[in-house]
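Residue strings, one per chain:
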Amino acid sequence: MTTSPIGRIGRETDRVDGPLKAAGGARYAADHQPEGLLHAHLVQATVGRGSVRRVDVSRAEAAPGVVAVFTPFRPLPLNPPSPQQSGENYSALQDTAVRFRGQVIGLVVADTPERARDAAALVSADYAVTPSRTSLADGSPGVAQGVVQKLADGVPSIDAALAASPVTVTTSVSQHAQHHIAMEPHATTAVWVDDHLTVYTGAQAPQRAAATIAARLGVDPAKVRVLCRYTGGGFGQRSPVWNEALLCAAAARALGRPVKVVLSREQVFTAIGHRGAVRQTIRLGADTDGRLLALSHESDGELPAAGGWQMMPGRDTSAVMYRTPNIRIDQRLVTLDTPPTWSMRAPAEAPGMFALETAMDELSVRTGVDPVELRLRNHATEDPVEGRPFSSKHLEECYRVGAERFGWSGRRARPRSRTDGDWLVGTGMASAIYPAWRQSATARVRFGDDGRVTVSSATSDLGTGSFTVLAVVGADELGVPVGSVDAEVGDSALPPGGVGAYGSSVTTSTVPAVQAACRAAVEALVRAAVENPRSPFAGLDPAAVRYRRGRVEARGRSVDFRTLLHAMGVPLVEAVGATDPNTTSPYRFHCFGAHFCEVRVHRLTGEPRVARFTSVFDVGRVVNAKAARSQLRGSIIWGVGHALLEADPIEPDGRFAAATMADYLVPVHADTPEIDVHWLDHPDPHISEFGARGLGEIGLVSVAAAIGNAVFDATGTRVHDLPITLDKLL
Amino acid sequence: MRSYAFERPGTVTDAVRRAGSGSAFLAGGTTLVDLMKLEVMTPDRVLDINRLPLRGLDTTGGGLRIGALERMSDVAADPRVRRAYPVLGQALDLSASGQLRTMASIGGNLLQRTRCGYFRDVSTPCNKRLPGSGCPAIGGENRTHAVLGASGSCAATHPSDLAVALVALDAKVRLQGREGARTVDLRDFYLLPGDTPHLEHDLRPGELVTEVVVPALPWARRSTYVKIRDRRSFEFALSSAAVAVRLDGDTIVEARVAVGGMGTRPWRLTAVERALVGRRATEETYVAAAATAVEGTRPLRHNAYKPELMKRTLVRALLELEQTR
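If you're wondering where the values come from, they're calculated on a predicted model, not measured in any experiment.

**Some remarks on the overall build of chain A**
Logical step 1: Per the secondary structure count, chain A includes 17 helices and 30 strands.
Logical step 2: Radius of gyration (C-alpha) of chain A: 27 Å, near the 27 Å computed for a compact globule of 730 residues.
Logical step 3: If you line up chain A on its principal axes, its C-alpha atoms span 80 × 75 × 55 Å.
Logical step 4: By residue count, 62% of the 730 residues in chain A fall in the buried class.
Logical step 5: Put simply, 81% of the contacts in chain A that link residues at least 6 apart link residues at least 24 apart.

**Topic: the nonpolar core**
Logical step 1: With 85 residues, the main nonpolar core has Leu284, Leu356, Leu363, Phe613, Ile698 and Ile707 of chain A as its most contacted residues.
Logical step 2: Leave out the neighbours within four places in its chain, and Leu356 of chain A touches Ile282, Leu284, Leu295, Thr317, Ser318, Met321 and Tyr322 of chain A.

**Some remarks on unusual backbone geometry**
All names here are of chain A.
Logical step 1: In this structure, the amide linkage connecting Ser140 to the following residue, Pro141, adopts the cis form with an omega of 0 degrees.
Logical step 2: Position of Pro141 relative to the elements: it lies in the loop between helix H4 (136–139) and strand E8 (143–144).
Logical step 3: Going from Leu722 to Pro723, the amide bond is cis rather than trans, its omega being -5 degrees.
Logical step 4: Secondary-structure assignment places Pro723 in the segment after helix H17 (703–715).

**Looking at helix H7 (residues 243–255) of chain A**
All names here are of chain A.
Logical step 1: Here H7 is 13 residues long and its end C-alpha atoms lie 18 Å apart, about the 18 Å a rise of 1.5 Å per residue gives.
Logical step 2: Among the 13 residues that make up H7, ten are buried, leaving the element largely enclosed by the rest of the structure.
Logical step 3: Three or more residues of H7 are buried, namely Asn243, Glu244, Ala245, Leu246, Leu247, Cys248, Ala249, Ala250, Ala251 and Ala252.
Logical step 4: Note on H7: the residue one or two positions beyond its end, Gly256, has a positive phi of about 70 degrees.

**Observations concerning the sheet that holds strand E23 (residues 485–488) of chain A**
Residue and element names in this part refer to chain A.
Logical step 1: Strand order in the open sheet made by the four strands is E23-E22-E21-E27, with mixed pairing throughout. Each edge of the open sheet carries a strand with a single partner, namely E23 and strand E27 (572–579). Here the average twist between neighbouring strands, direction ignored, is 15 degrees.
Logical step 2: Two strands pair when backbone bridges link them, and strand E21 (residues 441–448) and strand E22 (residues 453–456) are joined in this way by four bridges, in the antiparallel orientation. Counterpart to Phe447 in the pairing with E22 is Val453.
Logical step 3: On the sheet, helix H13 (residues 466–478) packs against E21, E22 and E23 and is oriented at approximately 135 degrees with respect to E23.
Logical step 4: Strands E21, E22 and E27 of the sheet are contacted by helix H15 (residues 561–568), whose axis makes an angle of about 75 degrees with E21.

**Examining helix H10 (residues 349–367) of chain A**
Logical step 1: Its 19 residues place the ends of H10 of chain A 26 Å apart at the C-alpha level, agreeing with the 27 Å of an ideal helix rising 1.5 Å per residue.
Logical step 2: Within H10 of chain A, 17 of the 19 residues are buried, leaving the element largely enclosed by the surrounding structure.

**As for the domain arrangement of chain A**
Residue and element names in this part refer to chain A.
Logical step 1: For chain A, the assigned domains are domain 1 (18–25 + 439–579), domain 2 (32–131 + 183–233 + 238–271) and domain 3 (278–437 + 585–728).
Logical step 2: Computed over C-alpha atoms only, the centres of domain 1 and domain 2 are separated by 38 Å.
Logical step 3: Taken together, the contacts link 24 residues of domain 1 with 18 residues of domain 2.
Logical step 4: Buried surface at the junction of domain 1 and domain 2, both sides included, amounts to about 1,400 Å², of which 50% is carbon and sulfur.
Logical step 5: When residues of domain 1 are sorted by the area they lose upon contact with domain 2, Leu462, Ser492 and Tyr502 head the list and together hold 37% of the total.
Logical step 6: The interface formed by domain 1 and domain 2 includes two salt bridges.
Logical step 7: Viewed at the interface, domain 2 and domain 1 are joined by eleven residue pairs in polar contact (both at pLDDT 80 or more).

Conventions we followed
- Residues numbered from 1 in each chain as written.
- Chains lettered and ligands numbered in written order.
- Predicted model: local features only at pLDDT ≥ 70, side-chain atom pairs only at ≥ 80, totals over all residues.
- Heavy atoms only, no water.
- Helix = DSSP H or I, 4+ residues; strand = E, 2+ residues; numbered from the N terminus.
- Rg over C-alpha atoms; globule rule 2.2 N^0.38 Å.
- Buried < 20%, exposed > 50% of the residue type's maximum accessible area, 1.4 Å probe, protein only.
- Contact = heavy atoms within 4.5 Å.
- Core = buried A, V, L, I, M, F, W, Y, C linked by side-chain atoms within 4.5 Å.
- Expected span 1.5 Å × (residues − 1).
- Pairing = 2+ DSSP bridges.
- Axes fitted to C-alpha atoms, helices over the stretch in contact; angles between N-to-C directions.
- Domains from an automatic or database assignment.
- Buried area = accessible area lost by both parts, 1.4 Å probe.
- Salt bridge = Lys/Arg side-chain N within 4 Å of Asp/Glu carboxyl O.
- Polar contact = N/O pair within 3.5 Å; in protein donor to acceptor, adjacent residues only side chain to side chain.

Printed below as a string of structure tokens:
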């Protein structure tokens, strides 16, 4: 580990933004109240596919307080999305086509939110309806997206490799659409001053959001600023810009007044992307000792005709996880008339690893090899397709430490053999994997004449703790207390090159940039100290001047930077640091983990309850133990939802059956087990000098499999179609 | 804006006089306000009855009288309720969330509307919300819907846990209307959907629930409520059972059994009660008696598990009751 003058790295640090948030002082997108503000409400299509023939806006326009009603027949001009960009492939209100139920077909603007919502309910539309394609099963197999295959010499096909294997397992699993359910509903406040636009909206990538808004509204990107200092959850859903934000900005332009739109909870389910439904089949071939000889992973994922995120659940799971001489990954997409899909926390890895790790458990049952031992026997030191080594992999240690903490040894592999009163008790485990990713990044570090250091980067803190990461790393690098560092994110006007807060990559990518910026800022401070004629160090050789713990020192003289800046008459000294991505590395970068859990199922009524959970992760270096534990624990709770609760079936007419918080169940406290989270302390020497690989999503990966495997152990019933609900266990 | 008159009558007589078709009484508001926001309920007059003197728990004379405006949390916490009618306290404890129980009234709880997703979504047809418009649930998503009492027009379950416990206890509701007061058995108070699922109660226009009367039933000290659901808390029942059993030695001499989550209304199971009486309190007895519960169930596409779950819920409730002996 690198030396740390104040030793905050890896320790428990309170969130620097915690008190402000707890006291209600943090302003989110909908909290901005500019002068002259108008309020908008979306109108959504109530049919699954077809076209809008007519929209009757007369009652809405006559309603009190209504300023304007925009429809496909009175559109707000928006450019189409770039064909290179994934996501929705149309702009709302630009044509009469209805692509999915819930598509935005109108925007009502009024003087209060209540009046806008009320008038929106008075808008009625006539549709020409055509049948919707909504069944993933009917549409499968979908269109292949490039098959990944590697076969041993002389093996003609994966089917041949499977056929030649002494033991084979075929596992087909499915899951419905799922929703992100961020705590903050999607909201945007748009303010134009002359031809400059400021947009307050939750954005995972503020600079990319600003560029998108500029392109779609046809304005100079330099004149668009996105501000999202505080954002209540992203999980992927806030990485693109959705129609709500674009229409809000366009309406504000058209009306010459600031406009705010806040989606209702129900609207978020359909107007904003979801994790697509997916069906997968894993086929494993192994020898009788459980050593893999062949692995096939096929998937059919939902791809909305309206565009969306492509569900590729084999690429970063089966294609890298285990050693096998023969492997084939076939990821297919099925076009459906459903609301747009978008990445959702461990977007492909959570479903993909549910499939693989369920199949591995079945292989363990078939071969009689203990699940941990089975995974050790198939441990990969390089990825099985390209043969590239992993940068830093301590998964075996995760298994060992996890098994020890959980008390795995002595587990009897006899399903339905343990009870506690009327509860059947079972244990299960699974391996986790998630790609690590270092983007190019920038950060700015500023010494201020108020004695404070400001660390800035145009990324976003979604509630995940990036403010604190910036503050801790800046403090550590500069040798000053965390309390004297202000962190700044969520502003597209910060120096270009800030990273998007997705792919668990903010810490991985931004920390090296912060370190570079700190070094550059120190250099700038020293340079100013020798060059500024009013400086006590004026005229000295910079090599003779050193910076140490917030002070500039030379020739026995030591001055803190605040005093120095005052002496020089300079309000601040700052510098920007930038880092490159590590795309040319020969290594594969992944985080790893091992989950162990105990599940109880009532012998009569079948409800599955997770009793305890132990997870051990190998994620490189951790900046803030407190936030890391919270993040990993939160992921595991999400995984409980993935396994047991979360599903939104789509009906034949394109309606989501559970598109409300009342019907789409997420875990509550009572569903949350005792969770023991632990991580290994092995900084990754290849991903960066700092060695952090990120941990935003790994915690969720394979939780559902571990729970499903424990349910099998408890009951003898294998549930392949998520969620695992009591009706499947009666 | 959708406007409505908001009035705060000071007496029951005044409240009832002001009420009529198109009006709605507001107590805790946990159902009404919710459904007004969704535009499922669009009263033109809202009568806030919270000032009416419909409070208090009274146990004089043996039974239990609960004022309709008593809050769920207060009733659940009352030691007299917990001692004499554990099934009531437990049914309340397992309802909704702590916040909701603190607001919601007993009268409102009994009159809460179904949680059917189509009923609550005004972009879909629903015979209960818009008579004659059709029922998407019967051919649609119906995993949570009723297997007892459903018609071709509606298969929505009644969501109240409390009502299931009260039906088991032969509770009555006191109603006050312009023509005077009357008392109705809670069992008969709820109507089957038939062709008129929008008519849910034996409640005349403007009539107000003023009180719930639970008859004395000393052996209800041995009663329990079991609620089965996907989520461990803050979720309506897929299945529930209210049971009370009077034993003579090991022999069951009297029993009360009702189930929730199964019917279009709280469902009393007298056949199960008869099958229990005179038999020894053993799991075999419970299993055999519970088997009679599924008579007449009519599953839909996604709720075929419910009859089996009902049997098992009953057995579980009876077993758990045994442990309180």
